[in-house]
Amino acid sequence: MPLDCTGCCAGCKPRWMNLVNNIYPANPQDGLIKANMPKLTYYALSNPQKLDRIGEYLSKRLSRDLQRNRIGFASIAMEAMDKLLVACHSQSLNLFVESFLKMVQKLLECSDPEMQCLATVSFVKFSNIEEDTPSYHRRYDFFVSQFSAMCHSNHHTAKLRIRTSGIQGLQGVIRKTVCDELQPDIWAQHHMDKIVPSLLYNMHSGPDNPPAESAATADEEPASAAAEKVFRDLVCRAAFSNLKSVLQPVLLHMDSHNLWTKTVFPSACFKIIMYSVQAQYSHIVVQKLMSHLDMHSKSPARLKARITDVLSETVIIAAGGSIGPSVLEVFNSLLRHLRVSVEYTANSEQEQTDNTRFQESIINTIGEFANHLPDFQKIEILMFVINKMPTTPQAEKVELTTNSQLQTMLLKTVLKVATTYRTVLMSNAFPSSLKNPLLQLSVVNKPSTRLMVQQILHTLIDRHNNLDKFSRIWIPEDIAELYLTVEKPSRQDVHFMSHGGQHILWHLMENLRLPNNDKANIESLYTTMCLLLVELVADETLVAFASFILNLQEAAIADDLSPHQCAVQIHATVIAFASVFAELAGVTELQEHISQVASNRKSFCPHLLPELAIYGTGTETLVQEIPENCLLDKTVFKSSLEHSGLDIANLSKPMTMPGRKTSNKVFVYKSTGQYMPLANGIASVISLVD
C-alpha cells in the first residue's frame, strides 16, 4: 500500500497512519497530543511489523514540515519517534532505527540551532538503548562528521549550546559503537582525526558565554568539562590496537595549534590520558611521545624541551614496569638528543638558554625513567650511560670543548640516575664495568668533572644518610657530635673492600694530589673517604684504611709537592680523616696520638689544620720543614693496631695503581683512555682549567 494517502479520507487510510496523524494537534504550540500517543505505542507493540512503515511515515512528515519551516510539527514528529524507540524492543527495530536516524540527520542538517540540539538529544537517547539484534549495515560516518563540526561552531548567539550538543553527540556515537563488534571502523584513523581534535579544541579553548546564553546555560555542564569527560571515556575504552589512533591526533593537534610552548595544556592533556588509559597500555603513550620527540629532532630547543617535560610527567604517572620492554632504546634515544643538543651551536643568547633548558629536561626525564626501573636495571643504565663518554685521542679545540660539555651532561645524567638507586651491597653497586670508568673520570683534568664524579660516588656509597655530616672538613673532639649511623658491614662488603678497595683508595689519593683542586674538590674527596670508612669499617679493613692514611701523608711530604699549597691541603685532610678513623676503630692509643698531633699543629703549624689549610685566605706562611711531632707517626699506627690483634704486614706497603709498579708520580687520566704522569701533563691541566 502506498504511503502517500494524506489526501484520502480517514476511513480509507491504514490504521497505523491514522494513529500517527492523531498525535498531531491543530496548533503546533499545543505540542504532542499525549492522550493519543499511548494508542500509537500500543499498536506498534502489538504489530511490530508495522514499525518500519510508521517510522518511514514520520520521517516523511518531518521532511515536509522542515521544508515548510513548520518547526513545531517537526519537533512533535521527533518526540513521537523518541517515545516509540524507547518503548519498542523487537527484531523489527532495525528498519525503524533507519528511519529514526534519517530524521536525526535531517534535523542536524538544519541551520536552526534548536533543531540541531533537538536532534542531538534524540540521538543521545538512542545511544543508551541496547538493541536485541546486531546491525550489519548501519554506519555513523555522517554523525561523526556533523557532531565534530558542531564542536567548532561559532554561531553568534548559540555557540556554547551547539558545541555542547556536538560533544554530547560524539559521546553518543562512542557509546553506541565502541562496544559493538560490528562497528570496528569507529577506531579508524579518519574518524579519530575528527573526534579527538574536536574534543581537545573545547578542552583548551572553551568559548566565552555570550550574555544571552549565560542565563539559559547556567545550570548546564561547561563545554570544556563535557569534552574532558568524553575524552576520558574514549581513552579508557581504547584497546591496545586502537590507542595509537587516539594518540596520533592528540600530538598533531598540539603541533598545529602550537600548544607545546604556549600553554600548559599538553601536560594536563597527557595527565588525563595517563590516568584514563588502561594500566597495561601506559607504555604505548610513552613510546608515542618518544617517537614524536624524534620527529621534532630539528625543531627549536624550546619546543623539544616542553615535549620532554611532558614525557617526564607521563613517566611519573606510569606504574612501575609499564614503561615498555625496550628500556635501552628509550635511553639511547634520549642520549642521542642530548648529544645533538650539546653539539648544536646557538646563534643567540635565547637559543642557548632554550638549549640548556632542553638538556636539563632530558636529564630529568632519564632520571624519572630510571626511577621506575628495578635496581639491577638502574645499574645497567649507569653502565650504559658511562660507556657513552666521548674519547677522542687527538681532537680540535672546538671538538674538545664539545666533548667536555657532553661529558658534563652525561655525568649529570649518571648522577640523576644514581640518586634513584638504593645500595644494598657495594659489589652490586660497583661492578667493575661501572667502577673503573668512574674512577678513571675521577682524575681527569677538569676540576668540575672530578667534583661530579665524587658526588656520584657519594650517592652510591652512602647507605645510612651520613652524607651531610661530612660536608665540611674538621676535627671533631667527639665522634658522637656527628650522630653517625654506623652498621657492621656484611661479609660481601668486606670482600669487596679487600679486592676493590685498593683501587678506590689509590684514585682518591691521586685525586687529592692534583694541583688544581679547589675547596669543593677537597671537601668532596674528604666526604667520599669518610663515607667509605663509615660503610666499610671492620677489623678486616682497618689496616687498609690506616695504610691509606700513611701513604697519603707520605705523598704530601714528597719532594714534587712540598711546600705547595696542595701538600698543605692534603695534610689537613689527612689529620681530619685520621681523627674519624681512630674514633670509629675504637683504638685508644691511636686516638690519643692523633689528638696530640692536632694540638702540636695548632701550636707550631696551624696552617696544616683544616681551619686555615682549607678555609683560610691562602696567604698563610708555609713552613718549609714540618716538625716530626706535627706528623702522624707510622710507629704508633703499627703498635696500636698490632695491640688490637690485627695483621699489620701490609701497613707499610706503598699504595700503587693496580697493575703498576711502585711509583711516586701522580697520574692524570687523559681522554685517550690512558694515564700519564702529572709532571708531563700539568701544563694541559692548567690550560684546560683556564
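Residues numbered from 1 in each chain as written. Predicted model: local features only at pLDDT ≥ 70, side-chain atom pairs only at ≥ 80, totals over all residues. Heavy atoms only, no water.

Here we look at the packing of helix α28 (residues 588-604) against helix α30 (residues 634-643)
- Put simply, α28 and α30 touch, their axes get as near as 8 Å, and they point 160° apart. Taken together, the axes of α28 and α30 lie roughly antiparallel to each other. For the pair α28 and α30, contact is made by E589, L590 and H593 and by V636, F637, S639, S640 and H643, respectively.
- A per-class count over the contact of α28 with α30 returns three nonpolar, four polar and one charged. (Axes fitted to C-alpha atoms, helices over the stretch in contact; angles between N-to-C directions. Helix = DSSP H or I, 4+ residues; strand = E, 2+ residues; numbered from the N terminus. Parallel < 35°, antiparallel > 145°, perpendicular 65-115°, else oblique. Contact = heavy atoms within 4.5 Å. Nonpolar A, V, L, I, M, F, W, Y, C, P; charged D, E, K, R; others polar.)

Points about the side chain of H253
- One can find H253 in helix α12 (residues 243-256).
- Excluding its chain neighbours within four sequence positions, the residues that come into contact with H253 are P197, L200, Y201, H204 and L259.

A look at the pattern of salt bridges
- Here the structure, examined in full by the defined rule, presents 13 salt bridges.
- Between R306 and D309 there is a salt bridge whose closest N-O contact spans 3.6 Å. With R306 and D309 both in helix α16 (residues 301-317) and three residues apart, the pair spans about one turn of that helix.
- By relative accessible area, which is 12% here, D309 ends up buried.
- With its nearest N and O atoms 4.0 Å apart, the salt bridge here joins E343 to R339. Residue E343 and its partner R339 are both found in helix α17 (residues 327-343); the two are separated by four residues, about one turn of the helix. (Salt bridge = Lys/Arg side-chain N within 4 Å of Asp/Glu carboxyl O. Buried < 20%, exposed > 50% of the residue type's maximum accessible area, 1.4 Å probe, protein only.)

Notes on the environment of T164
- Note that T164 resides in helix α8 (residues 159-177).
- By relative accessible area, T164 is classed as buried at 5%.
- With 61 residues separating them in the primary sequence, T164 and A225 have C-alpha atoms 9.7 Å apart.

Concerning the packing of α12 against helix α15 (residues 282-295)
- Close contact between α12 and α15 brings their axes to 10 Å; oriented N to C, the two are set at 40°. Judged on the interaxial angle alone, α15 and α12 are oblique. Here α12 and α15 pass one another in a crossing that is right-handed. For the pair formed by α12 and α15, the contact residues are L243, K244, L247, Q248, L251 and D255 on the first element and I284, V285, K288, L289, H292 and M295 on the second. (Left-handed = near helix turned anticlockwise from the far one by under 90°.)

Section: the packing of aromatic side chains
- A full pass over the atoms with the stated rule returns 16 aromatic pairs.
- Here W260 and F270 contribute two aromatic rings whose centre-to-centre distance is 6.4 Å and whose plane-to-plane angle is 20°, an arrangement assigned as stacked. With W260 in helix α13 (residues 259-262) and F270 in helix α14 (residues 265-276), the pair connects residues that are 10 residues apart, well separated along the chain.
- By relative accessible area, which is 2% here, F270 ends up buried.
- Through a chain of ring-to-ring contacts, three or more aromatic side chains come together here, namely F100, F123, F126, Y140, F142, F143 and F147.
- Sitting above the plane of the Y24 ring, R61 keeps its charged end 3.7 Å from the centroid.
- The ring centre of F126 lies 4.4 Å from the NZ or CZ of K176, which sits over that ring. (Phe/Tyr/Trp six-rings, centres within 6.5 Å; stacked < 30°, edge-to-face > 60°. Lys NZ or Arg CZ within 6 Å of the ring centre and 35° of its normal.)

Overview of unusual backbone geometry
- In this structure, N69 takes a positive phi of about 60° despite not being glycine.
- As for its position among the elements, N69 is in the loop between α3 (51-67) and α4 (71-87).
- Positioned with a positive phi, Y483 is a non-glycine residue whose angle comes to about 50°.
- Assignment of secondary structure puts Y483 in the loop between α23 (447-461) and α24 (491-512).
- On the basis of relative accessibility, which here comes to 65%, the residue Y483 falls in the exposed class.

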